[in-house]
Each structure stands twice: as C-alpha cells, then as structure tokens.
Amino acid sequence: MEGKELEKKTEQLRQELQDAFFWFHRHPELSYEEYQTTEKIREFLTEHGIEIMESELETGLIAVIHGEKEGAVRALRCDIDALPVLEESGVPYASETKGKMHACGHDFHITAGLGCAVLLQKKKKDLSGTIKIIFQPAEESARGAEKITETDLIDDVKLIWGFHADPTNPVGTIGIREGYVAAAADRFLIRITGKGCHGAHPDTGIDPIPAAAAMVQAFQTIVTRNSDAFHPTLISVTRIEAGNTWNVVPETAELEGTVRTMNREDRVLFQKRLQEITELTAAAYGAKAEFQWYPGSPAVYNDPEMARIAEETAKKQSLLTVPEESSMGGDDFSFYEEKLPGCYIKIGIGVGPAIHQPGFKVDPKILLPAAEYLTALLIENE
Ligand code: NI
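Counting restarts for each chain: residues are numbered from 1 in the order of the written sequence. Given that this is a predicted model, residues contribute local features only at a pLDDT of at least 70 and side-chain atom pairs are listed and counted only at 80 or more, while totals for whole chains, interfaces and linings are drawn from all residues. Each side-chain value is derived from all of the structure's non-hydrogen atoms; neither hydrogens nor water enter the calculation.

Re the coordination of the nickel ion
Part 1: Donor atoms from the polypeptide that bind the nickel ion are Cys 104 (SG), His 106 (NE2) and His 164 (NE2), placed at 2.1 to 2.2 Å.
Part 2: Mapping the donors of the nickel ion onto the primary sequence yields the spacing C-x1-H-x57-H. A 2.8 Å cut-off from the metal defines N, O and S donors, relaxed to 3.2 Å for Na, K and Ca; water is not in the atom list, so some sites may appear incomplete.

Quick notes on the domain arrangement of the protein
Part 1: Each assigned domain of the protein is listed here: domain 1 (2-182 + 299-380) and domain 2 (184-294).
Part 2: How far each domain reaches was decided by an automatic or database domain assignment. Each of domain 1 and domain 2 has a C-alpha centre, and these two points are 39 Å apart.
Part 3: Here, two residues are considered to be in contact whenever any of their heavy atoms come within 4.5 Å of each other. Taken residue by residue, the interface counts 10 residues in domain 1 and 10 residues in domain 2.
Part 4: Buried area: the sum, over both parts, of the accessible surface (1.4 Å probe) that disappears when the two are put together. Both faces combined, the contact of domain 1 with domain 2 buries some 700 Å², and carbon together with sulfur accounts for 64% of it.

Quick word on unusual backbone geometry
Part 1: In this structure, Tyr 32 is a non-glycine residue whose phi angle is positive, near 70°.
Part 2: Helix and strand assignments come from DSSP, with helices taken as H or I runs of at least 4 residues and strands as E runs of at least 2, each series counted from the N terminus. Considering the arrangement of structural elements, one finds Tyr 32 in the loop between helix 1 (3-26) and helix 2 (35-47).
Part 3: Think of it in three bands: residues with accessible area under 20% of the maximum for their type are buried, residues over 50% are exposed, and the middle band is partly exposed, with areas taken using a 1.4 Å probe on protein chains only. Overall, the relative accessible area of 34% leaves Tyr 32 in the partly exposed class.
Part 4: One non-glycine residue with positive phi stands out, namely Ser 318, at about 55°.
Part 5: As for its position among the elements, Ser 318 is in the loop between helix 7 (304-316) and strand 15 (320-323).
Part 6: Judged by relative accessible area, Ser 318 falls into the exposed class, the value being 69%.

With respect to the sheet that holds strand 10 (residues 233-242)
Part 1: Strand order in this open sheet of four strands is 10-12-8-13, and the pairing throughout is antiparallel. At either margin of the open sheet sits one strand with a lone partner, and together these are strand 10 and strand 13 (288-294). The average angle at which neighbouring strand axes cross in this sheet is 20°, direction not considered.
Part 2: Along the sheet, helix 5 (residues 208-226) makes contact with strand 8 (184-193), strand 10, strand 12 (252-261) and strand 13, crossing strand 10 at roughly 170°.
Part 3: Packed onto the sheet, helix 6 (residues 264-284) meets strand 8, strand 10, strand 12 and strand 13 and runs at close to 165° relative to strand 13. Note: two strands are recorded as paired if DSSP finds a minimum of 2 bridges between them. Angles here are taken between N-to-C directions and fall from 0 to 180 degrees, while the axes themselves are lines fitted to C-alpha atoms, restricted in helices to the stretch in contact.

Observations concerning helix 5
Part 1: How far a helix is expected to stretch is found by multiplying one less than its residue total by 1.5 Å. For helix 5, spanning 19 residues, the distance from its first C-alpha to its last is 26 Å, which sits close to the expected 27 Å at 1.5 Å a residue.
Part 2: In protein, a polar contact means a hydrogen-donor-capable atom and an acceptor-capable atom, both N or O and within 3.5 Å, with residues adjacent in sequence counting only if both atoms are side-chain atoms; elsewhere, any N or O pair within 3.5 Å suffices. Looking at where helix 5 begins, the residue whose side-chain oxygen comes 2.9 Å from the main-chain nitrogen of Ile 209 is Asp 207.

Listed below in structure tokens is the structure:
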C-alpha cells in the first residue's frame, strides 16, 4: 500500500475504534448480562469479515483469524463486563445506565481486541497458525473464564495472552513481569453455633461472640507463624455478624472473608489451618463451628519465555516497558493457565483514579497502539 493510502486506512481504523469504545463505555453491562455488548462485538467483526466461532455461549464470543502460514493456535483474552459503580469520570461519553460503569477498562479491552482482529485479518499472509480472540463474559464474577475452559472451544489453543488497563502508567507504557502477578482469591464462610441466653446470665448459655473474636485474632498467625515470610499471603475477615439487641447473648455468629496467596502450597496450607483454627477455637469455647471454603480463581502466573517476548515486542514498537506490579487482587485469566502457558500484561492508559473507582477513565489515544501491540505479539510469536 502507498504511504498516503496506508495513513488513510490507519486513520479510519483509529476513528472506528474510538467510536466503538465510546459506544461500549456508554452501554455497560454486568457479568452474564452482556447481551448488547456481545451483539455489538458480533456486528463489528461481521462488518470486517471476521469469522466467529459457533458456540453455546449466552454472552461473549470467540473470533477466529486463520493465518496463511502453518502454525499453532494461540489465543488472546479480552474480558467484556462492567461493574455496579456510579460513574463520576466526567467524560462526554459517560455511562447511560445509572449505577453501572466500565470502571475496570473492559470496554478498552474489547476495543483493543476488535482492533487486533481487524489488523490480523489484514495481515493474514504474514500470520502463522490461527488466532482465537476470546471476548469473555463475567470476569468480575471471577468465573467467566472457567465457563469458557469447560467448553471445547479452546481445546486446540497452545498458549494464551491476557492484558489489563493500567491507570498507574501513561499511554505508551507496558508493564511486564515473569512469574506470579495476581493472587489466588478464595473465600471462606464460618458459622459458629453456641447457645443463646439472657445477657445478664451468660453462664446459662454458650456465647459465640468471644469465639468469633478469638478466631479473628488467631487467623493472622497463619500469615505470621505458618507461612514462609518470603511468600506474599493475606487473610481479611471482611464481615462479622452476631446478635440483634443489647441484652441477649446470640445463638450464632458468622464470619466471612478472603484469603489471597500466590503459590499452590500456601493455598492448601491456608485452607487447612483456617479450618483447624475455626473448629478447635470453637471447641475451646464450648461452641461448634461449620467451615466453608469457596475456591475462587487461582494465581496468575506469567510464563517467563512469554514475558520475554512481550518485552521484546514492546521495544520493537517503541513502547516503554516497566516492571508490572504484582497484586493481591485476582483475575480469572488464571483458569486458562490451569491448561495452557499464559502471560498477562498491563497496558498504560494514562495516570488517573484506580480501577473500580467512579472517576476511572481510559485515554482513547491508547486504543490503536494497544491493538497494534497485541497484533505484533500474536503475529510474530508462535
Ligand atoms: Ni478488570
């Protein structure tokens, strides 16, 4: 293509991506409700002649681009859901649904994925193998990725890339790190049963509240006494509930919270110790306790070779690379990594309010460069 012609095409794509991004931002949908979003993605891909896989998925879809050279099947994950947040970003294309907002930048993830699909389609001649772009629902529910991995839609995929908007870095910056970058995010729920009685006669009952208080204290010793001091781990008791008045000792108490760990052994250790402390503490106070553990997404681990490729590609695209901050937050991208090597990178979207905050915003200048970077990542590396 002539220089001028190419420039015109690039400008056209930049405009199309910006329009799409504004549309997605105006129309946020929560986990598993991404019907309009899915339709809009389908429409955009169809207009550009990009194949969409047949699937039973209610929301979300997978686009496929077949390269003209032999090669492996690789995937890119773009999550598509929004959050129940009241927008206060001040952008002229703000959410049209009060109380829902793309406050985690998944509208940017969709748009960058669409741009990448268009660019790959144009570069089919240079592309080896097949690329599947997964427009994944319900990341915020922490289970959307698992739903995809339960199907056979990605059985042939050999490796997977993921990315996330990063409001701690300016546009033109890519955050990369090998190894663990996000924690396993598990939930626990404890129900203590004692024996209710008059507040003036605690000796006639079994008060579950001191048992609950003792547990909250004792749980932190798993972090400080049981786990390796060089391993990032944490426990947060986030809800504690008992009783409903001032002069009655309640019958029951409930505790709920989250455990965050990076490596597998710690995850097993924390579950085991939490259960032991719960049951034995309850017994020490004459009460009984039921312990429930709800495993969430595993930790996100960046394959070292893929992290190296991500860094080299960024440099070739004249992007600045910085060490990716690891986080005790979770991402269900790790469900793919239970089956495949993966790498999850951060793309600077302009420094501003953190993700999940009402003021969060993505600088639209990043849309095309992000699509170009992801394209380079997929096209050059099998
Ligand atoms: Ni997110």
